[in-house]
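Listed below are the residues making up each chain.
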Amino acid sequence: MARRGAVPAGPLGDDFSFVSPVVKYVLFFFNLLFWVISMVMVAVGVYARLLKHAEAAMACLAVDPAILLIVVGVLTFLITFCGCIGSLRENICLLQAFSICLTIIFLLQLAAGVLGFVFSDKARGKVSEIINGAIVHYRDDLDLQNLIDFGQKEFSCCGGVSYKDWSQNMYFNCTASNPSRERCSVPFSCCLHDANQTVINTMCGHEMQKMGYLEASAFIYTNGCIDKLANWIHSNLFLLGGITLGLALPQLVVIVLAQLLINQIRDQIKLQFYNQQHRADPWY
(Lines give C-alpha, C1' and ligand atoms only; values in the text may rest on other atoms or scores of the structure.)
Protein backbone atom coordinates (compact mmCIF):
# COMPACT_ATOMS: atom_id res chain seq x y z
CA MET A 1 0.00 0.00 0.00
CA ALA A 2 1.48 3.35 -1.02
CA ARG A 3 2.24 5.94 1.65
CA ARG A 4 -0.10 8.93 1.65
CA GLY A 5 1.37 11.89 -0.22
CA ALA A 6 4.07 9.74 -1.85
CA VAL A 7 4.79 10.04 -5.58
CA PRO A 8 2.93 7.26 -7.45
CA ALA A 9 4.89 4.59 -9.25
CA GLY A 10 3.58 5.78 -12.58
CA PRO A 11 1.36 8.57 -13.94
CA LEU A 12 -2.34 8.01 -13.45
CA GLY A 13 -5.00 8.74 -16.06
CA ASP A 14 -6.36 12.26 -16.59
CA ASP A 15 -9.80 11.07 -15.50
CA PHE A 16 -8.50 9.95 -12.09
CA SER A 17 -9.18 12.26 -9.14
CA PHE A 18 -8.38 12.05 -5.45
CA VAL A 19 -11.32 14.39 -4.73
CA SER A 20 -14.34 12.39 -3.60
CA PRO A 21 -17.61 13.66 -5.14
CA VAL A 22 -19.48 12.45 -2.03
CA VAL A 23 -17.35 14.55 0.35
CA LYS A 24 -17.43 17.53 -2.01
CA TYR A 25 -21.18 17.66 -2.59
CA VAL A 26 -22.25 16.71 0.94
CA LEU A 27 -20.20 19.67 2.18
CA PHE A 28 -21.59 21.89 -0.59
CA PHE A 29 -25.28 21.11 0.01
CA PHE A 30 -24.88 21.39 3.80
CA ASN A 31 -23.41 24.88 3.41
CA LEU A 32 -25.95 25.81 0.74
CA LEU A 33 -28.77 24.96 3.16
CA PHE A 34 -27.38 27.16 5.92
CA TRP A 35 -26.49 29.86 3.39
CA VAL A 36 -30.17 30.13 2.45
CA ILE A 37 -31.20 30.03 6.13
CA SER A 38 -28.75 32.86 6.91
CA MET A 39 -30.22 35.04 4.16
CA VAL A 40 -33.71 34.46 5.54
CA MET A 41 -32.47 35.38 9.05
CA VAL A 42 -30.95 38.64 7.78
CA ALA A 43 -34.10 39.49 5.80
CA VAL A 44 -36.37 38.86 8.81
CA GLY A 45 -34.05 40.83 11.11
CA VAL A 46 -33.88 43.82 8.75
CA TYR A 47 -37.66 43.76 8.22
CA ALA A 48 -38.30 43.64 11.98
CA ARG A 49 -35.79 46.45 12.51
CA LEU A 50 -37.39 48.71 9.92
CA LEU A 51 -40.83 48.26 11.49
CA LYS A 52 -39.65 49.81 14.75
CA HIS A 53 -39.42 53.47 15.63
CA ALA A 54 -35.81 54.66 15.53
CA GLU A 55 -35.87 56.03 19.08
CA ALA A 56 -37.23 52.85 20.60
CA ALA A 57 -34.83 50.66 18.64
CA MET A 58 -31.76 52.67 19.68
CA ALA A 59 -32.87 52.69 23.32
CA CYS A 60 -32.92 48.90 23.34
CA LEU A 61 -29.98 48.19 21.03
CA ALA A 62 -28.13 45.90 23.48
CA VAL A 63 -31.03 43.47 23.82
CA ASP A 64 -32.76 43.90 20.46
CA PRO A 65 -33.70 40.47 19.02
CA ALA A 66 -33.74 41.93 15.49
CA ILE A 67 -30.12 43.11 15.77
CA LEU A 68 -29.12 39.72 17.20
CA LEU A 69 -30.83 37.99 14.26
CA ILE A 70 -29.04 40.21 11.73
CA VAL A 71 -25.60 39.72 13.32
CA VAL A 72 -25.97 35.93 13.54
CA GLY A 73 -27.36 35.83 10.00
CA VAL A 74 -24.49 37.86 8.52
CA LEU A 75 -21.83 35.77 10.30
CA THR A 76 -23.52 32.54 9.17
CA PHE A 77 -23.78 33.90 5.62
CA LEU A 78 -20.05 34.74 5.43
CA ILE A 79 -18.91 31.44 6.95
CA THR A 80 -21.20 29.26 4.83
CA PHE A 81 -20.25 31.30 1.74
CA CYS A 82 -16.63 30.19 2.23
CA GLY A 83 -17.73 26.58 2.71
CA CYS A 84 -20.19 26.58 -0.18
CA ILE A 85 -17.98 28.21 -2.83
CA GLY A 86 -14.82 26.58 -1.45
CA SER A 87 -16.21 23.07 -1.77
CA LEU A 88 -17.80 23.69 -5.20
CA ARG A 89 -14.70 25.35 -6.68
CA GLU A 90 -12.28 23.16 -4.70
CA ASN A 91 -10.63 26.28 -3.32
CA ILE A 92 -8.23 25.47 -0.46
CA CYS A 93 -8.09 29.04 0.89
CA LEU A 94 -11.88 29.33 1.26
CA LEU A 95 -12.14 25.85 2.76
CA GLN A 96 -9.41 26.63 5.28
CA ALA A 97 -11.13 29.89 6.24
CA PHE A 98 -14.41 28.00 6.65
CA SER A 99 -12.78 25.25 8.74
CA ILE A 100 -10.93 27.75 10.97
CA CYS A 101 -14.07 29.85 11.60
CA LEU A 102 -16.13 26.78 12.42
CA THR A 103 -13.42 25.48 14.76
CA ILE A 104 -13.24 28.84 16.56
CA ILE A 105 -17.03 28.88 16.99
CA PHE A 106 -16.97 25.33 18.33
CA LEU A 107 -14.20 26.18 20.82
CA LEU A 108 -16.04 29.34 21.92
CA GLN A 109 -19.21 27.31 22.53
CA LEU A 110 -17.20 24.77 24.53
CA ALA A 111 -15.46 27.51 26.52
CA ALA A 112 -18.77 29.27 27.22
CA GLY A 113 -20.28 26.02 28.54
CA VAL A 114 -17.29 25.29 30.79
CA LEU A 115 -17.04 28.87 32.08
CA GLY A 116 -20.79 29.02 32.66
CA PHE A 117 -20.55 25.86 34.76
CA VAL A 118 -17.40 26.88 36.68
CA PHE A 119 -18.44 30.50 37.24
CA SER A 120 -22.14 29.84 37.77
CA ASP A 121 -22.47 32.73 40.24
CA LYS A 122 -21.06 35.22 37.75
CA ALA A 123 -23.23 33.74 35.00
CA ARG A 124 -26.25 34.20 37.26
CA GLY A 125 -25.23 37.82 37.84
CA LYS A 126 -24.93 38.40 34.09
CA VAL A 127 -28.36 36.87 33.49
CA SER A 128 -29.76 39.09 36.24
CA GLU A 129 -28.20 42.13 34.57
CA ILE A 130 -29.73 41.21 31.20
CA ILE A 131 -33.19 40.64 32.72
CA ASN A 132 -33.07 43.94 34.60
CA GLY A 133 -32.03 45.74 31.41
CA ALA A 134 -34.93 44.09 29.58
CA ILE A 135 -37.35 45.23 32.31
CA VAL A 136 -36.14 48.84 31.95
CA HIS A 137 -36.81 48.78 28.17
CA TYR A 138 -40.02 46.72 28.34
CA ARG A 139 -42.24 49.39 26.75
CA ASP A 140 -39.58 50.58 24.28
CA ASP A 141 -39.46 47.52 22.05
CA LEU A 142 -42.41 45.36 20.95
CA ASP A 143 -40.29 42.25 20.23
CA LEU A 144 -38.64 42.48 23.64
CA GLN A 145 -42.02 43.01 25.29
CA ASN A 146 -43.45 39.88 23.66
CA LEU A 147 -40.34 37.91 24.64
CA ILE A 148 -40.61 38.96 28.31
CA ASP A 149 -44.33 38.24 28.40
CA PHE A 150 -43.74 34.80 26.91
CA GLY A 151 -41.00 34.04 29.46
CA GLN A 152 -43.06 35.16 32.44
CA LYS A 153 -46.07 33.11 31.36
CA GLU A 154 -43.97 30.06 30.44
CA PHE A 155 -42.00 30.00 33.71
CA SER A 156 -44.84 31.35 35.89
CA CYS A 157 -42.67 34.16 37.23
CA CYS A 158 -42.59 37.93 37.49
CA GLY A 159 -39.56 40.22 37.33
CA GLY A 160 -35.95 39.24 37.96
CA VAL A 161 -35.80 38.45 41.67
CA SER A 162 -39.40 39.36 42.51
CA TYR A 163 -42.43 41.14 41.09
CA LYS A 164 -41.24 44.42 42.67
CA ASP A 165 -38.36 44.56 40.18
CA TRP A 166 -40.86 46.08 37.77
CA SER A 167 -40.44 49.33 39.69
CA GLN A 168 -37.22 49.76 37.63
CA ASN A 169 -39.38 50.49 34.59
CA MET A 170 -40.37 54.15 34.26
CA TYR A 171 -44.02 53.26 33.55
CA PHE A 172 -44.39 50.76 36.41
CA ASN A 173 -42.25 52.72 38.88
CA CYS A 174 -43.92 52.87 42.28
CA THR A 175 -42.79 56.34 43.38
CA ALA A 176 -45.38 59.02 44.10
CA SER A 177 -43.88 61.31 41.42
CA ASN A 178 -44.66 58.82 38.64
CA PRO A 179 -47.61 60.19 36.58
CA SER A 180 -48.15 56.96 34.62
CA ARG A 181 -51.49 55.15 34.90
CA GLU A 182 -49.46 51.94 35.26
CA ARG A 183 -47.74 53.18 38.44
CA CYS A 184 -47.08 50.33 40.92
CA SER A 185 -48.46 47.80 38.42
CA VAL A 186 -46.93 44.74 36.75
CA PRO A 187 -47.47 43.40 33.19
CA PHE A 188 -50.49 41.19 32.58
CA SER A 189 -48.13 38.25 31.92
CA CYS A 190 -47.44 38.17 35.69
CA CYS A 191 -51.09 37.44 36.49
CA LEU A 192 -52.53 34.09 37.49
CA HIS A 193 -54.91 33.01 34.75
CA ASP A 194 -57.92 30.76 34.95
CA ALA A 195 -57.80 27.92 32.42
CA ASN A 196 -61.39 28.66 31.47
CA GLN A 197 -60.72 32.37 30.96
CA THR A 198 -61.28 33.32 27.32
CA VAL A 199 -60.65 37.08 27.51
CA ILE A 200 -57.37 38.30 29.03
CA ASN A 201 -57.66 41.22 31.43
CA THR A 202 -54.56 43.31 30.59
CA MET A 203 -55.13 45.44 33.72
CA CYS A 204 -55.02 42.48 36.10
CA GLY A 205 -51.61 43.59 37.43
CA HIS A 206 -52.83 47.06 38.43
CA GLU A 207 -51.15 48.36 41.64
CA MET A 208 -49.88 44.90 42.61
CA GLN A 209 -46.55 46.34 43.77
CA LYS A 210 -48.37 48.05 46.63
CA MET A 211 -49.32 44.65 48.03
CA GLY A 212 -47.16 42.36 50.15
CA TYR A 213 -45.93 38.99 48.86
CA LEU A 214 -48.67 36.97 50.52
CA GLU A 215 -51.49 39.26 49.42
CA ALA A 216 -50.15 39.65 45.88
CA SER A 217 -49.61 35.89 45.45
CA ALA A 218 -53.39 35.46 45.22
CA PHE A 219 -53.39 37.46 41.98
CA ILE A 220 -49.92 37.30 40.38
CA TYR A 221 -46.71 35.26 40.31
CA THR A 222 -44.48 36.74 42.97
CA ASN A 223 -41.34 34.65 42.40
CA GLY A 224 -38.65 36.06 40.11
CA CYS A 225 -37.68 34.54 36.76
CA ILE A 226 -33.98 34.10 37.65
CA ASP A 227 -34.65 31.39 40.24
CA LYS A 228 -37.26 29.76 38.02
CA LEU A 229 -34.84 29.70 35.10
CA ALA A 230 -32.06 28.23 37.27
CA ASN A 231 -34.41 25.51 38.56
CA TRP A 232 -35.53 24.69 35.02
CA ILE A 233 -31.91 24.34 33.86
CA HIS A 234 -31.06 22.03 36.77
CA SER A 235 -34.17 19.93 36.04
CA ASN A 236 -33.37 19.63 32.33
CA LEU A 237 -29.60 19.07 32.31
CA PHE A 238 -29.89 15.88 30.24
CA LEU A 239 -32.11 17.62 27.69
CA LEU A 240 -29.76 20.59 27.42
CA GLY A 241 -26.79 18.23 27.18
CA GLY A 242 -28.49 16.34 24.36
CA ILE A 243 -29.26 19.57 22.48
CA THR A 244 -25.67 20.76 22.93
CA LEU A 245 -24.34 17.44 21.67
CA GLY A 246 -26.76 17.53 18.75
CA LEU A 247 -25.40 20.96 17.77
CA ALA A 248 -21.75 20.03 18.33
CA LEU A 249 -21.67 16.75 16.38
CA PRO A 250 -22.69 18.25 12.99
CA GLN A 251 -20.06 20.97 13.47
CA LEU A 252 -17.37 18.36 14.12
CA VAL A 253 -18.50 16.28 11.11
CA VAL A 254 -18.39 19.33 8.82
CA ILE A 255 -14.93 20.33 10.12
CA VAL A 256 -13.66 16.79 9.43
CA LEU A 257 -15.24 16.81 5.93
CA ALA A 258 -13.65 20.19 5.16
CA GLN A 259 -10.21 18.99 6.26
CA LEU A 260 -10.65 15.75 4.31
CA LEU A 261 -11.57 17.67 1.16
CA ILE A 262 -8.58 20.01 1.62
CA ASN A 263 -6.22 17.01 1.82
CA GLN A 264 -7.83 15.43 -1.24
CA ILE A 265 -7.43 18.67 -3.23
CA ARG A 266 -3.76 18.86 -2.22
CA ASP A 267 -3.22 15.26 -3.35
CA GLN A 268 -4.91 16.09 -6.65
CA ILE A 269 -2.59 19.08 -7.14
CA LYS A 270 0.42 16.85 -6.46
CA LEU A 271 -0.88 14.32 -8.99
CA GLN A 272 -1.36 16.99 -11.66
CA PHE A 273 2.14 18.35 -11.05
CA TYR A 274 3.57 14.80 -11.20
CA ASN A 275 1.79 14.06 -14.50
CA GLN A 276 3.00 17.34 -16.01
CA GLN A 277 6.59 16.48 -15.11
CA HIS A 278 6.32 13.05 -16.75
CA ARG A 279 4.70 14.44 -19.91
CA ALA A 280 7.65 16.81 -20.24
CA ASP A 281 9.98 13.79 -20.02
CA PRO A 282 11.05 12.72 -23.59
CA TRP A 283 11.06 9.06 -22.46
CA TYR A 284 7.40 9.28 -21.30
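Residues numbered from 1 in each chain as written. Predicted model: local features only at pLDDT ≥ 70, side-chain atom pairs only at ≥ 80, totals over all residues. Heavy atoms only, no water.

## Some words on the side chain of glutamine 152
Logical step 1: Looking at the element boundaries, glutamine 152 is found in helix α6 (residues 142-155).
Logical step 2: In this structure glutamine 152 comes out as buried when scored by relative accessible area, which is 2%.
Logical step 3: Here the side chain of glutamine 152 touches glycine 159 through a polar contact of 3.0 Å, landing on its backbone nitrogen.
Logical step 4: Those residues within four positions of glutamine 152 in sequence are excluded, and the remaining contacts are Cys157, Cys158, Gly159, Trp166, Pro187, Ser189, Cys190, Tyr221 and Cys225. (Helix = DSSP H or I, 4+ residues; strand = E, 2+ residues; numbered from the N terminus. Buried < 20%, exposed > 50% of the residue type's maximum accessible area, 1.4 Å probe, protein only. Polar contact = N/O pair within 3.5 Å; in protein donor to acceptor, adjacent residues only side chain to side chain. Contact = heavy atoms within 4.5 Å.)

## Some thoughts on the confidence of the model for the protein chain
Logical step 1: In the predicted model, the protein chain carries a mean pLDDT of 83, and the fraction of residues at 70 or more is 87%.
Logical step 2: Looking across the protein chain, the model is least confident in helix α2 (residues 54-59), with a mean pLDDT of 46, and most confident in helix α7 (residues 213-216), with 92.
Logical step 3: Within the model, pLDDT remains below 50 along residues 54-62, and this stretch shows 12 contacts once partners closer than five positions in the same chain are excluded. (pLDDT = per-residue confidence, 0-100.)

## Things to note about the environment of valine 186
Logical step 1: Assignment of secondary structure puts valine 186 in the loop between α6 and α7.
Logical step 2: By relative accessible area, valine 186 is classed as buried at 4%.
Logical step 3: Spatially, the C-alpha atoms of valine 186 and histidine 206 are 6.6 Å apart, while their sequence positions differ by 20 residues.
Logical step 4: Apart from residues lying up to four places away in sequence, valine 186 is in contact with Cys158, Tyr163, Trp166, Phe172, Gly205, Met208, Gln209 and Ile220.

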